[in-house]
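A closer look at the structure
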Amino acid sequence: MGKATRPLAMVLGAGVSGLTTAYLLQRCGIDVLLVAEQFGRRTTSVVAGALWEWQPAVCGFYEAPPKAVLQREKRWSIASYERFLQLLGERAAGVYLRRVTFYLDTPAADNPFEWQKMVEMRPHVHGFCHDAALIDENGVNPAMGFVDAYAYLAPMIDTDMYMGWLLGEVLCGGAVLKPERLESCSPQQLCEFARNHGADVLFNCTGLGALELTGDELIPVRGAWYLVRNDGTDFAAIREAHCTALQSAAGGGEFIFIVPRGGDRLILGGIAQPYQWQKEIDEQSTPALGHMLEQCRLFMPALGQAKIHEASELRVGLRPFRRRGARVELESGAVPLIHNYGHGGSGVTLSWGAADEAVQLAQQALGLSAAAVAV
Ligand SMILES: Cc1cc2nc3c(=O)[nH]c(=O)nc-3n(C[C@H](O)[C@H](O)[C@H](O)COP(=O)(O)OP(=O)(O)OC[C@H]3O[C@@H](n4cnc5c(N)ncnc54)[C@H](O)[C@@H]3O)c2cc1C
């Protein structure tokens, strides 16, 4: 009886893409069966530095997607920015709005790529400012050679809280969880699997797992950061984020990524290592980790006393990079199959916009009018 009025969606994947999709589905009157091998802390989404960035983003940049795809990703970023602002009042979600400064090693006026990025993002973010004086004001080591800077207010998400909050919301919305790993099966077999569970539509939000499930060209871009205490004990607490601008970071696979996490921790990163699958690494096996930390301390001398002690943590994850850009697309089968994966180093930034588009595709495929199902 319920089935006649409430369709059922099977969502594969419980990272930020799957959970955001599930959240929006429920608000459109669609029930959710959430199938995933890993939940919570074992997903890549918990490893996200979770800084909102204009596209193409610095975090784990490997290669820009085609222009049309980039336009779409910019739209998704804008939608997410607005959504994260709404979540600021939701304490349990762990969303913060803080200033981030990006530092350039050439004047922005001589750098058409960064200039265009600044012009494009300006109308969509709060508190934008372009001022080379930020370098001194923020205590950046002049010897690092940065000559220009811009800043804006960005959502920064404490993923430990946020992923728990999202899962809680989806469970409160009535989602049923099914912990299960799907072994390499074809999209057709996935659709059969969904149909056998009574689903009317299937969402593939499996991140890098989509490589095995679809055969699509996905590349792991390994990233890592240290999480250190930021309560004023080891160094004066840092309340804003500091990053290298994309063109200043490109090439070496290392970039400055200093981002406050929650109320009293600080992320020190980062690295971007394509085709590296190994997540069990340390400074012996991967000297880039030590170098990353050294660069952060060199960049911001105030961090000189930042200690890696028992309270610190190293997080390592594989960004699900897709050369053609994130895939949000409908594929027909025994049930409509909607893909939402391949967000690279921007899965949190793109999450609300991409999920919204994926849900709209489902509404169209199921012949549901958006107006009829909207809450
Ligand atoms: C170091 C680092 C820093 C980052 N920083 C940022 C940042 O600052 N800003 C930002 O926006 N993004 C950032 N990212 C990127 C972001 O983390 C990812 O884009 C995002 O987490 C991808 O989310 P997802 O839900 O698509 O995939 P995941 O979080 O990987 O979730 C995939 C889900 O699918 C399930 N799954 C996969 N295969 C199968 C299968 N065969 N059977 C069953 N279940 C399966 C998994 O178990 C999991 O539940 C960063 C990533 C890293 C590693």
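Residues numbered from 1 in each chain as written. Predicted model: local features only at pLDDT ≥ 70, side-chain atom pairs only at ≥ 80, totals over all residues. Heavy atoms only, no water.

**Considering the pairing of strand E11 (residues 265-271)**
Let me state the cut-off plainly: In this scheme, a residue with accessible area under 20% of its type's maximum is buried, one over 50% is exposed, and one in between is partly exposed, where area comes from a 1.4 Å probe on protein chains only. Counting from the N terminus, the helices are DSSP H or I runs at least four residues long and the strands are E runs at least two residues long. Between any two strands, at least two bridges found by DSSP are needed for them to pair.
Within E11, 6 of the 7 residues are buried, which leaves it mostly tucked inside the rest of the structure. As paired strands, strand E8 (residues 218-229) and E11 are joined by 4 bridges and run antiparallel to one another. By the bridge assignment, Arg 229 is partnered in E11 with Arg 265. Pairing of strand E10 (residues 254-261) with E11, which is carried by 6 bridges, proceeds in the antiparallel orientation. Across the sheet, residue Arg 261 finds its bridge partner in E11, namely Arg 265. What sits between the antiparallel neighbours E10 and E11 is a turn of 3 residues, in which Gly 262 has the positive phi angle 60°.

**Describing the domain arrangement of the protein chain**
Note the following rule: These domain limits were set by an automatic method or by a database of domain assignments. For this analysis, residues touch if any pair of their heavy atoms sits within 4.5 Å. Accessible-area loss on putting two parts together, using a 1.4 Å probe and summing over both, is the definition of buried area adopted here. Salt bridges are defined as contacts in which a side-chain nitrogen from Lys or Arg sits within 4 Å of a carboxyl oxygen from Asp or Glu. Two N or O atoms count as a polar contact when they lie within 3.5 Å, although within protein this holds only if one can serve as hydrogen donor and the other as acceptor, and sequence-adjacent residues are included solely when both atoms are side-chain atoms. Following the grouping adopted for this structure description, the nonpolar residues are Ala, Val, Leu, Ile, Met, Phe, Trp, Tyr, Cys and Pro, the charged ones are Asp, Glu, Lys and Arg, and the polar ones are all others, Gly among them.
Partitioning the protein chain into domains gives domain 1 (2-45 + 161-215 + 324-373) and domain 2 (95-155 + 219-320). Its C-alpha centre places domain 1 at a distance of 31 Å from the equivalent point of domain 2. Between domain 1 and domain 2, the contact holds 10 residues from the first and 9 residues from the second. At the boundary of domain 1 with domain 2, total buried surface from both sides reaches about 760 Å², with 67% on carbon and sulfur atoms. Counting across the interface, domain 1 meets domain 2 through 1 salt bridge. Two residues, Arg 41 and Glu 313, come together in a salt bridge whose shortest N-O distance is 3.1 Å. The tally of links between domain 1 and domain 2 comes to 3 residue pairs in polar contact (both at pLDDT 80 or more). Residue composition of the side of domain 1 that touches domain 2, by class: 3 nonpolar, 6 polar and 1 charged.

**Observations regarding the packing of helix H2 (residues 16-27) against helix H11 (residues 347-365)**
Applicable threshold: Here, axes are lines fitted to C-alpha atoms. For helices the fit covers the stretch in contact, and angles between N-to-C directions go from 0 to 180 degrees. Oblique is the label for any angle not under 35 degrees, not over 145, and not in the 65 to 115 range, which are roughly parallel, roughly antiparallel and roughly perpendicular in turn. For any pair of crossing helices, the crossing counts as left-handed if the nearer helix is rotated counterclockwise from the farther one by less than a right angle, and right-handed if it is rotated clockwise.
Contact geometry of H2 with H11 gives a least axis separation of 9 Å together with a crossing angle of 40°. As the angle between them shows, H2 and H11 are arranged oblique. Seen along the crossing, H2 lies across H11 with a hand that is right-handed. Across from Val 16, Thr 20, Thr 21, Tyr 23, Leu 24 and Leu 25 in H2, the residues of H11 making contact are Gly 347, Val 348, Ser 351, Trp 352, Ala 355, Asp 356 and Val 359. For the contact of H2 with H11, the per-class residue count stands at 8 nonpolar, 4 polar and 1 charged.

**Focus on the environment of Met 161**
Here Met 161 lies in helix H6 (residues 159-172). Separated by 67 residues in sequence, Met 161 and Gly 94 have C-alpha atoms that sit 5.3 Å apart. Met 161 has contacts with Arg 91, Ala 92, Ala 93 and Gly 94, leaving out every residue within four places of it along the chain.

**What to know about the packing of aromatic side chains**
When we look at a pair of aromatic rings, we describe it by the centre distance and by the angle of the planes. For clarity, the cut-off: Only Phe, Tyr and Trp rings take part, Trp by its six-membered ring, and two of them pair if their centres are within 6.5 Å. Stacked means planes under 30 degrees apart, edge-to-face means over 60, and tilted covers everything else.
By the definition in use, this model includes 16 aromatic pairs. Look at Tyr 23 and Trp 165: their rings are 6.1 Å apart centre to centre, the planes differ by 40°, and that puts the pair in the tilted class. With Tyr 23 in helix H2 and Trp 165 in helix H6, this pair connects stretches of sequence that are 142 residues apart. For Tyr 23, a relative accessible area of 9% puts it in the buried group. Ring pairing ties together the aromatic residues Trp 52, Trp 54, Tyr 81, Phe 102, Phe 128, Tyr 150 and Tyr 152, which thus form one cluster.

**Quick word on the site of the ligand**
How we decide: Proximity criterion: a residue is near a molecule or strand once any of its heavy atoms comes within 4 Å of it. Per-residue and other accessible areas follow the Shrake-Rupley method at a 1.4 Å probe size, with only the shown protein chains counted as cover for residues.
Taken together, 40 residues are adjacent to the ligand, and Ser 17, Gln 38, Ser 45, Gly 344 and Thr 349 come closest. Here an oxygen atom of the ligand sits 3.0 Å away from a polar atom, N or O, in the main chain of Leu 51. The separation between a nitrogen atom of the ligand and a polar main-chain atom of Gly 345 is 3.0 Å. Coverage of the ligand by the protein amounts to 97% of the 1000 Å² it exposes when considered alone. Within the residue set of the shell around the ligand, elements represented by two or more residues are H2, E8, strand E13 (313-322) and H11.

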